[in-house]
Structure formats: structure tokens, C-alpha cells
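Take a look at the letters that make up each chain.
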Amino acid sequence: MKKRLLALLLAGLMVMSLAACGSDAQEETTGEETGTDGQDFGGAELVVATWGWAEAGLKELAADFEETYNCTIVVDPTSGNGDRLNKLMSEKNAPTADVAMLTKSFAETGAQEGLFEPIDTSVVTSLDHLYDFALDANGYGPCYSLCRYGIMYNADALAELNLDPPTSYQDLFDDKYAGMVALPDMTSTAGPYMLVAMAEAMGGSQEDVTPAMELMQEKKDNINLWYTASSDVVNAFTTGEANITVFMDINMPGLMESGLNMVWVDAAEGSFAAPATINVVKGCQNPELAQLFVEYMISDEVQSRVAETMNEAPVNKNATMPEELKTYLAFGEDAMSALKQFDETYIASAKDGWIDTFQRTVNVQ
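Reading guide: rules and limits
- Residues numbered from 1 in each chain as written.
- Predicted model: local features only at pLDDT ≥ 70, side-chain atom pairs only at ≥ 80, totals over all residues.
- Heavy atoms only, no water.
- Helix = DSSP H or I, 4+ residues; strand = E, 2+ residues; numbered from the N terminus.
- Contact = heavy atoms within 4.5 Å.
- Areas by Shrake-Rupley, 256 points an atom, 1.4 Å probe, with all protein chains shown as cover.
- Axes fitted to C-alpha atoms, helices over the stretch in contact; angles between N-to-C directions.
- Parallel < 35°, antiparallel > 145°, perpendicular 65-115°, else oblique.
- Left-handed = near helix turned anticlockwise from the far one by under 90°.
- Nonpolar A, V, L, I, M, F, W, Y, C, P; charged D, E, K, R; others polar.
- Expected span 1.5 Å × (residues − 1).
- Buried < 20%, exposed > 50% of the residue type's maximum accessible area, 1.4 Å probe, protein only.
- Salt bridge = Lys/Arg side-chain N within 4 Å of Asp/Glu carboxyl O.
- Pairing = 2+ DSSP bridges.
- Patch = residues over 30% accessible without salt bridge, like charges linked within 9 Å, V, L, I, M, F, W, Y side chains within 5 Å.
- Lys, Arg positive; Asp, Glu negative; His and termini not counted.
- Charge placed at Lys NZ, Arg CZ, Asp CG, Glu CD.
- Arc of directions from axis to C-beta.
- Phe/Tyr/Trp six-rings, centres within 6.5 Å; stacked < 30°, edge-to-face > 60°.
- Lys NZ or Arg CZ within 6 Å of the ring centre and 35° of its normal.
- pLDDT = per-residue confidence, 0-100.

Moving on: the overall build of the protein. Scanning the protein for helices and strands turns up 14 helices and 10 strands. When contacts within the protein are restricted to residue pairs at least 6 apart in sequence, those whose partners lie at least 24 apart make up 71%. For the protein, the accessible surface area stands at approximately 16,700 Å², while carbon and sulfur atoms represent 49% of it.

This next bit is on the packing of helix α7 (residues 190-201) against helix α8 (residues 210-218). At their nearest, the axes of α7 and α8 sit 7 Å apart, and the two run at 110° to each other. Classified by the interaxial angle, the pair formed by α7 and α8 is roughly perpendicular. For the element pair α7 and α8, the recorded crossing hand is right-handed. In contact with M194, L195, M198 and A199 of α7, α8 contributes A212, M213, L215 and M216. Taken together, the residues of the contact of α7 with α8 sort by class into eight nonpolar, no polar and no charged.

Further remarks concern α7. Helix length check: α7 (12 residues) gives 17 Å between terminal C-alpha atoms against 16 Å at 1.5 Å per residue, within 8%. Most of α7 is tucked away, with 10 of its 12 residues classed as buried. One or two positions beyond α7, positive phi appears at G203, with a value near 95°.

On inspection of all chains with the given rule, the structure shows eight salt bridges. Between K87 and D76 there is a salt bridge; the shortest N-O distance is 2.9 Å. Of this pair, K87 sits in helix α4 (residues 81-90) while D76 sits in strand β2 (residues 71-77), and the two are 11 residues apart along the sequence. A salt bridge links K326 to E323; its shortest N-O distance comes to 2.9 Å. Of the residues examined, K326 reaches a relative accessible area of 30% and is grouped as partly exposed. Assessed through its relative accessible area of 56%, E323 is described here as exposed.

To continue, consider the side chain of T103. Tracing the backbone through its elements, the reader meets T103 in strand β3 (residues 99-103). Under the relative-accessibility criterion, T103 is labelled buried at 7%. Those residues within four positions of T103 in sequence are excluded, and the remaining contacts are W51, N81, T189, P275, A276 and T277.

With that settled, consider the pairing of strand β5 (residues 143-154). Most of β5 is tucked away: 12 of the 12 residues are buried. Bridge count for β5 against strand β10 (residues 272-281) is six bridges, and the pairing is antiparallel. Residue pairing in the sheet places C143 in a bridge with T277 of β10. Looking at chain direction, β5 and strand β8 (residues 244-248) are connected through five bridges and run antiparallel.

Turning to a negative patch on the surface, a few remarks are in order. A surface patch of negative charge is lined by E207, D208, E214, E218 and D343. Residue position: E218 is located in helix α8. The exposed category is assigned to E218, whose relative accessible area is 60%.

Looking now at the packing of α7 against helix α14 (residues 344-361). Between α7 and α14, the shortest axis-to-axis distance is 11 Å and the interhelical angle comes to 100°. Comparing the axis directions of α7 and α14 gives the class roughly perpendicular. In contact with P192, Y193, L195 and V196 of α7, α14 contributes E344, I347, K351 and W354. Its residues assigned to classes, the contact of α7 with α14 comprises six nonpolar, no polar and two charged.

Next up on the list: α8. Every buried residue belonging to α8 is among A212, M213, L215 and M216, and all of these are buried. The buried residues of α8 all sit within an arc of 160° when viewed along its axis, so they share a single face.

All chains considered together, the criterion is met by 15 aromatic pairs. An aromatic cluster is built from F41, F65, Y69, F293 and Y296, whose rings are joined through pairwise contacts. Sitting above the plane of the W51 ring, R84 keeps its charged end 4.4 Å from the centroid. Positioned over the ring face of F106 is K351, at 3.8 Å from the centre of the ring.

Turning our eyes to something else, we now look at unusual backbone geometry. Although it is not a glycine, N70 adopts a positive phi angle of roughly 50°. By the element assignment, N70 lies in the loop between α3 (63-69) and β2. In this structure N70 comes out as partly exposed when scored by relative accessible area, which is 30%. Its identity as a non-glycine residue notwithstanding, N311 has a phi of 60°, on the positive side.

Summarising the model, the protein shows a mean pLDDT of 89, and 89% of its residues fall at 70 or more. pLDDT under 50 marks residues 1-36. Its contacts with residues more than four places away, or in other chains, come to 11 contacts.

By the secondary structure assignment, F237 is in helix α9 (residues 230-239). As for F237 and A182, which are separated by 55 residues in sequence, their C-alpha atoms are 9.0 Å apart. Excluding anything up to four places from it in sequence, F237 contacts M152, N154, A242, N243, I244, T245, L255, L260 and M262.

Pasting the structure below:
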């Protein structure tokens, strides 16, 4: 009798052991289905505020993230940086976005307004793989890509008029180019950068932009377009309203594909970067998932896909890039170090005053 009871007891223990093993196997399988680290966010929707033109590329780039964490990336495509920042400010107490993508100067303003959460370095572990300029000194969102601004022109249009190409930002105000030039408005990302670059070359500084502002005021009628959106420049070139501009390198291929003979010039004052940052919105619905998305976007693997997917230069030192894209996108230590850098904190504090002067005396409505 005792032997029979012992056998039954052993059989029961075996059944319990097998059940436990089955449960562990199920959990392991579930972990593989919902993420490499087993985190399942139950179909959560992560709202990412970014540029409208970046929506398709971002969705493609984020497909693995959606699968890994069982979530959906919902893109809130607000066209310009200023509009996106204003929306974040208006929703400060009840944000609809979890993640905000902004150029560095606009992100600096957002940080000063208390719109963002500091980066959680226990989650975002790839920060030390980034170039120094891509890091935020105050611990907010890093850069995940950059575009480069310089001079570009339609060589056929200048040859037809027997004009030598410009070599500096100051050249663009010369009377010989009157009616041919599109330049960034002071409310845009590039406007303040160009102002400071010119001022420094003309004997001024970021604290004294008077020389550059006076040149703009004197020659304002020579400028055909002060643009606030990339689409304005593309339209002006395709219609022939503009043939010279200070514009982003990422637009070169599209303009060339439209049949224009475009040439890039590194201005004497220096080409400059417009790094794009990725920030976690303070008080958002999915803060943990948002931090994971920041890590995903700056990781070595994803950074190596940024150029092909989004047509922007990666800022991770370990990233790779196809050779054909290096002809117009900045890549590598030498290219990155050659780009002119700015004091974003100072520009953020001075920009409102520059915009006021510019709108009253240059781009007078």
C-alpha cells in the first residue's frame, strides 16, 4: 500500500513538473513574439510628432520596433518646427504626443519651456556611440540625424546669364544675382544660423549680428524669396523663380531628378548642420515606450539604415552608409567636424529679437 501511495505521489510530482516546464516554454515563446527583452506593451500607440515628409520613412524604419514591443507608431505630421513646437506648448498640460522630433535649436526652446523629460540612461544606452554634438548637455533628447546646409545653384541658369557661381553667403546679396535667390526666413531653422555665420565672417559675432542684419536690410530687394518651408524652395526652383539658395543637402537628389543641373558649394563662412533631435514629451501617455524608442533610433543597427530610409545623415559613430549616398550626405569624423557648430542656448534666447528686427526691416509684410 505504501509503495502504491509513493508511486502516485511521484507521478503527481512529474505532472506538476511537466506543467511548469510547459508554462516556462510558453512564457519564453511569448517573450520571443513580443520582444527580444520580453516587454509587451499590449498594442499601445506611441504618438511621434515629426515632419510630414518624414512620415513614410519613419514608419518603415520603426517596423521592427513595433514588432518587438507589440505597439504601433502613430505619426503626428506637423509641417514646420515652429508649428510643432507651438502645438507641444499648447498641449503642455495634456500632451497628445509621446515623442517629439525637432531640429536642435527648436528642441532647445522646448527644453527651456519644460516640455521634455530627461533621458533615462538606464534605458537609452547608446549615447556614447554618438558624436559629441549629438548629445544634449542638460540630459534631454539626443540628435538622431542631421541635414547639412550650404549653397546650391542651378548651373544651367547661371551659365545662360554668364554669371560666376557664388562662393559665400555674402555673395548671395550681390546685385548680379538679384531676383534669383531664395534664402531662409529668420523664423526657420537655418535663418539664425546663416545670420550668425555671416556676422562672424563680417567682423561681428553671435552677440553682435549687426553687420549681417544691415547687409540683409540694404539688399533685401535682391532676394526673391524668404522661405519658411522646404516645399517653397522646391517649387521656386522647378518654376524657375529661384536658381540659387541656401538649402539642405537632402534636397539635392530630388531637384536633380526633376531635371535641374544642381551644384553644391561649401560656403566660405562654412556649411552648417541642422541636427534633428528626438525627445520624450513630459507627461506623455507612454513614457517607458518613448524612452525605448529613443534608444532604438540611435542604436548602431538603426543608425545604419537612417540614410537609406530617411535620406538623412546618421550621427552614430558606428553607423555605416552606402557609398553612393556619401556624395551628398555628411558622413564620418572629417565631414562631421568640418560642419560649423553654434551655441544653441544663446540662439534660442536671442532668436525672438532677431525675428522682430528681420520682420520689421527685411522681410516686411
